[in-house]
Amino acid sequence: MDLVDTELVDGVPACPEATNENNVRLYQRHGYTPMTPFEIYLPDGTPFSRMRRAV
């Protein structure tokens with residue numbers, strides 16, 4: 001998370017994708033919130049959740 005904070009270009013939000021609930025909770029602890037639509041499914045059926053943190 002520190003790398004995201006120090007390497008971001010001004011005005012560009014960070015938008016990670018999580019493939020399990022543990023990572024969703026981790027990102028939320030660091031200030032990320034769910035994006036809409038939150039959960040998207042890959043062609044093989046694997047869900048991933050989109051997160052966003054404002055700059």
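What you see is a predicted model; the values in this text were computed from it and never measured.

**Student:** Could you give an account of unusual backbone geometry, with specific residues and numbers?
**Tutor:** Following Thr 36, the chain continues into Pro 37 via a peptide bond in cis, with omega recorded as -10 degrees. Among the structural elements, Pro 37 can be located in strand 2 (residues 33-41).

**Student:** Outline the pairing of strand 2, supporting the account with residue identities and numerical values.
**Tutor:** For a regular strand, side-chain orientation follows a simple rule: the groups alternate between the two sheet faces. Looking at chain direction, strand 2 and strand 3 (residues 47-52) are connected through 5 bridges and run antiparallel. Looking at strand 3, one finds that Pro 34 is bridged to Met 51. Here strand 2 folds back onto strand 3 in antiparallel fashion, the turn holding 5 residues, of which Gly 45 has a positive phi close to 95 degrees.

Cut-offs used in this document
- Residues numbered from 1 in each chain as written.
- Predicted model: local features only at pLDDT ≥ 70, side-chain atom pairs only at ≥ 80, totals over all residues.
- Heavy atoms only, no water.
- Helix = DSSP H or I, 4+ residues; strand = E, 2+ residues; numbered from the N terminus.
- Pairing = 2+ DSSP bridges.

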